[in-house]
Amino acid sequence: MTSRYLIRNATVVSMDPKIGVQSSCDVLIEGSIIKDVGPNLEVASDATIIDGTDSIICPGFIDTHRHMWQTQLAGIMSNSVLLEYFGYIRTVYGSCYTAHDAYLGNYCGALQCIDNGTTFVVDHSHIMNSPEHADSAVKGLLDANIRGVFCYGFYPNPKPTWAELDTGMKPQSEPEWRLEDSKRVKDQFFPANDPTTLLRFGVAGTEYEVVTVEQGIEEISHARSLGSAMFTSHVALGRIDFGLRTVRNLNEQGVLDKDLLFSHGAALQADELEAIKKCGCGLSATPDTELQMAMGPPGPFAFREAGIRRVGLGTDVSCSNPPDMFAQMHLLLQSERHARSMAHKGGAPWEIPVRCEEALDFATMGGARAVGMEDYIGSITPGKRADLLIVKTDSPRMTPISDPIAALVLYANASAVDTVFVDGKIVKQDGKLAGVDWPKVRRELLDSTKDVLERGSGADFKQIMEGARALAEAQLTRAG
């Protein structure tokens, strides 16, 4: 039997230019689809009525770049730069995860997304320490009922050298086993992989700012041979850029296409931006990371001015950033306003340079375009999938509301997210995760966190950081 929900008398921020922002508006959901939007909708008697008074309905947020497995590492890199992230997270703690840790990281990470109003996530999953890790990471997302793309990562976490750890890591003597295993995961978990599937399969490249162009092209070709929904990679990392011009090289080889999603990108050159525009690639910016780790400035407004419409936002790394798209919109908007005000000739500008609705677009429709899903999600439009939020506006924080878009971008946070629908199913209701025994899950997550940190405690971080710095300095010297 098809489920029906009618949300009555809300303010609808549709992100659909034909519908716009409407007050005292209803939204009808039938099954997994938004059926209708408008005032005083008629509905069958079997529909569940939800009172939308003192509420804003908006599209679910689309997180276009996150490493979901890192949930256990929240906060440990809050005062760190990118080199320390590679030394601690990618060299040590990533090697300390068991398959069950990977499951909990992804499952709890997805719950965090839902709690914060994110209904779609691109999981750049470089925790493939074994086939069991891959299976567990996929199952974590599936169990959380979040929409997204699981991107099987080819990056090889190094085997721990400071202790004999029984984490199930596959021997590094088989360096290309991930290529074969990615096909197994695609066939086993994602036989259809079409846009209406809740969770789809993709691939995340090894590290495109380090590997050769030839390896990069081989990985993209392999992903396409599997029928991947997308291929994602980090590129052009701001002040950390090594000058490899990955996008330029891929364009020269005729590899760029709509299935590629590039993350960060502050150091992209004009010809690379033009190639991305021409070929329809997606771009993802992560304001928290770009601002903290010298990988910026965040690029969405510059990308858009270059004519690129497929631009979204991401939350990136839980070890230093909250999984909160409200925060990313706020940071992006105000940092861009500051940068433009400081660059304005003749003193302070006489009008605001960028507006709240532009930031909200990057978190919704911009993200949908970036991942090639604009026909299915990103706006409150009849016929699209029912991925949406009910944000309450009756709290002290959210009272009064004079501009609902500004309320979403600058005032709201997870505490205001009352209800979340993903594919027409309620996954958060009355401010709580639906069908989740959170106290039990929380205890498991805390135990996993303790175990991971203990396994990594014997590593010689000083020696690791000295080696990482020497390699980075050598690479930067070669880049000129």
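Residues numbered from 1 in each chain as written. Predicted model: local features only at pLDDT ≥ 70, side-chain atom pairs only at ≥ 80, totals over all residues. Heavy atoms only, no water.

As recorded in an unreviewed UniProt entry, the protein goes by Amidohydrolase-related domain-containing protein and comes from Cyphellophora europaea.

So, on to the packing of helix α10 (residues 325-343) against helix α13 (residues 404-411). The interhelical angle for the contact between α10 and α13, taken along N-to-C directions, is 95°, at an axis separation of 7 Å. With respect to α13, the element α10 is oriented roughly perpendicular. Between α10, through Phe326, Met329, His330, Leu333, Gln334 and Arg337, and α13, the contact on the second element is made entirely by Leu408, Val409 and Leu410. Considering only residue class, the contact of α10 with α13 consists of 6 nonpolar, 2 polar and 1 charged. (Axes fitted to C-alpha atoms, helices over the stretch in contact; angles between N-to-C directions. Helix = DSSP H or I, 4+ residues; strand = E, 2+ residues; numbered from the N terminus. Parallel < 35°, antiparallel > 145°, perpendicular 65-115°, else oblique. Contact = heavy atoms within 4.5 Å. Nonpolar A, V, L, I, M, F, W, Y, C, P; charged D, E, K, R; others polar.)

Let's shift gears to the pattern of salt bridges. Tallied over the full model, the rule gives 22 salt bridges. A salt bridge links Asp187 to Lys183; its shortest N-O distance comes to 2.8 Å. On the criterion of helical spacing, the pair formed by Asp187 and Lys183 is a turn pair, its members being 4 residues apart in helix α4 (residues 177-189). Given a relative accessible area of 43%, Asp187 falls into the partly exposed group. According to the relative accessible area criterion, Lys183 is partly exposed, its value standing at 43%. Between Lys450 and Glu454 there is a salt bridge, with the nearest N and O atoms lying 2.9 Å from each other. Pair noted here: Lys450 and Glu454 are both in helix α14 (residues 438-456), with a separation of 4 residues, about one helical turn. Within this structure, Arg147, Arg385, Asp387 and Asp423 form a network of salt bridges that share partners. (Salt bridge = Lys/Arg side-chain N within 4 Å of Asp/Glu carboxyl O. Buried < 20%, exposed > 50% of the residue type's maximum accessible area, 1.4 Å probe, protein only.)

Applying the stated criterion across every chain, the model contains 14 aromatic pairs. Centroid distance Tyr85 to Phe86: 5.6 Å. Interplanar angle 80°. Geometry classified as edge-to-face. On the basis of relative accessibility, which here comes to 4%, the residue Tyr85 falls in the buried class. Put simply, the rings of Phe150, Tyr152, Phe154, Phe189, Phe190 and Phe201 pair up and form one aromatic cluster. Above the face of the Tyr155 ring, Arg90 is positioned so that its terminal group lies 4.1 Å from the ring centre. Across the ring face of Trp177, the terminal group of Lys170 is positioned such that the distance to the ring centre comes to 5.7 Å. (Phe/Tyr/Trp six-rings, centres within 6.5 Å; stacked < 30°, edge-to-face > 60°. Lys NZ or Arg CZ within 6 Å of the ring centre and 35° of its normal.)

Under the domain assignment used here, the protein contains domain 1 (4-59 + 380-433) and domain 2 (61-371). Each of domain 1 and domain 2 was reduced to a C-alpha centroid, and the two centroids are 28 Å apart. If you look at the interface, domain 1 gives 24 residues, while domain 2 gives 25 residues. In total, about 2200 Å² of surface goes out of reach between domain 1 and domain 2, with carbon and sulfur atoms giving 70% of it. On the domain 1 side of the contact with domain 2, Met15, Val409 and Leu410 bury the most area, a combined 27% of that side's loss. Across the domain 1-domain 2 interface, the total number found is 3 salt bridges. One salt bridge in this structure joins Asp115 and Lys428, with 2.8 Å as the shortest N-O distance. Applying the counting rule to domain 1 against domain 2 returns 3 residue pairs in polar contact (both at pLDDT 80 or more). (Domains from an automatic or database assignment. Buried area = accessible area lost by both parts, 1.4 Å probe. Polar contact = N/O pair within 3.5 Å; in protein donor to acceptor, adjacent residues only side chain to side chain.)

Within a regular strand, side chains alternate between the sheet's two faces. Burial of the side chains of strand β12 (residues 282-285) extends over both faces: Gly282 and Ser284 are buried on one face and Leu283 and Ala285 on the other. In this structure, strand β11 (residues 260-264) lies alongside β12, joined through 3 bridges in parallel fashion. Pairing of Leu261 across the sheet is with Gly282, part of β12. In this fold, β11 hands off to helix α7 (residues 270-279), which returns the chain to β12; that crossover is right-handed. As judged from the 3 bridges shared by β12 and strand β13 (residues 311-313), these two strands associate in the parallel manner. Each residue of the ladder has a partner; that of Ala285, found in β13, is Leu313. (Pairing = 2+ DSSP bridges. Right-handed = clockwise from strand over helix to strand, strands pointing away.)

This part covers the packing of helix α3 (residues 131-144) against α4. Direction vectors running N to C along α3 and α4 enclose 35°, while the axes themselves pass 10 Å from each other. Our pair here, α3 against α4, has a crossing hand that is right-handed. From α3, Pro131, Ala134, Asp135, Val138, Lys139 and Leu142 reach across to α4, where they touch Trp177, Asp181, Arg184, Val185 and Phe189. Across the contact of α3 with α4, the residue classes break down as 7 nonpolar, no polar and 4 charged. (Left-handed = near helix turned anticlockwise from the far one by under 90°.)

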